[in-house]
Amino acid sequence: MIFGRSERGVPPVEPVTLKILVAGGFGVGKTTLVGAVSEIRPLRTEESLTEAGRPVDDTSGVEGKHTTTVAMDFGRITLREDLVLYLFGTPGQERFWFMWDELSEGALGAVVLADTRRLEDCFAAVDYFEKRSIPFVVGVNCFEGAARYPADTVRQALDLDDGVPVLLCDARERESVKDVLVGVVRHAMEYAAERRAALPT
């Protein structure tokens, strides 16, 4: 590179960067999802669960979980030479929700990760993004041993609008996570186009 240009005279591509949030209940797999797809070593702010937190951290269904995110997870994935996604995993417990407003600033959209064994845990995230008109998809993390339900059944249980995509995924698998993130980008683009079309001319 010489003075910002390659030796062949082709200017370097300045990538468009997009911000996507990963939200959901405690222990649903947000940290795993970010780690599965990030091309850099993810920034994690995990702390060990303590006895003091037992009254407020419901570990039923995730008894093997020993750490929790207290600020955020951060990762990056390059979809194309000119398109980079920054992923911000939000903390799941209610006492850390004050951080969501900061993290959601400038976000293109969000993934609400859901566990069918604890579906009610993602209600708060769904409500948060609906109230702030932030486009989101629901990613149903298919845990081993958990019952599998059709997307329409999950949609009805969460009382989602018909336009909100519900995608089955495995938060441990890179390609599965990439499909969910592509779904967020597509949904956000459609959402923006619909809002523009609805504006008075």
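Quick caveat: nothing in here was measured; it's all calculated off a predicted structure.

Considerations on the packing of aromatic side chains
- Tallied over the full model, the rule gives six aromatic pairs.
- Arranged with centres 6.2 Å apart and planes meeting at 35 degrees, the rings of F129 and F136 form a pair that is tilted.
- Site record: aromatic cluster; members linked through ring pairs are W100, Y128, F129 and F136.
- Here the guanidinium or amino end of K19 rests over the ring plane of F88, the centre of that ring lying 4.9 Å away.

Considering the environment of V154
- Here V154 is to be found in helix α4 (residues 151-158).
- A residue is classified by how much of its surface remains accessible, and V154, at 2% relative accessible area, is buried.
- Remark: the alpha-carbon pair of V154 and V166, spanning 12 residues in sequence, is separated by 7.6 Å.
- Excluding residues that lie within four positions of it along the chain, V154 makes contacts with L119, V140, Y149 and V166.

Description of the confidence of the model for the chain
- Residues with a pLDDT of 70 or more make up 78% of the chain, whose mean pLDDT is 84.
- Under a pLDDT of 50 for its full length, residues 1-5 has, in the predicted model, seven contacts with residues more than four places off or in other chains.

With respect to the packing of helix α1 (residues 30-37) against helix α5 (residues 174-198)
- At a minimum axis separation of 8 Å, α1 and α5 run at an interaxial angle of 100 degrees. Regarding the angle of α1 to α5, the classification is roughly perpendicular. Counted together, L33, A36 and V37 of α1 and R174, V177, K178 and L181 of α5 form the full contact between these two elements.
- Of the residues that constitute the contact of α1 with α5, the class distribution is five nonpolar, no polar and two charged.

Calculation rules
Residues numbered from 1 in each chain as written. Predicted model: local features only at pLDDT ≥ 70, side-chain atom pairs only at ≥ 80, totals over all residues. Heavy atoms only, no water. Phe/Tyr/Trp six-rings, centres within 6.5 Å; stacked < 30°, edge-to-face > 60°. Lys NZ or Arg CZ within 6 Å of the ring centre and 35° of its normal. Helix = DSSP H or I, 4+ residues; strand = E, 2+ residues; numbered from the N terminus. Buried < 20%, exposed > 50% of the residue type's maximum accessible area, 1.4 Å probe, protein only. Contact = heavy atoms within 4.5 Å. pLDDT = per-residue confidence, 0-100. Axes fitted to C-alpha atoms, helices over the stretch in contact; angles between N-to-C directions. Parallel < 35°, antiparallel > 145°, perpendicular 65-115°, else oblique. Nonpolar A, V, L, I, M, F, W, Y, C, P; charged D, E, K, R; others polar.

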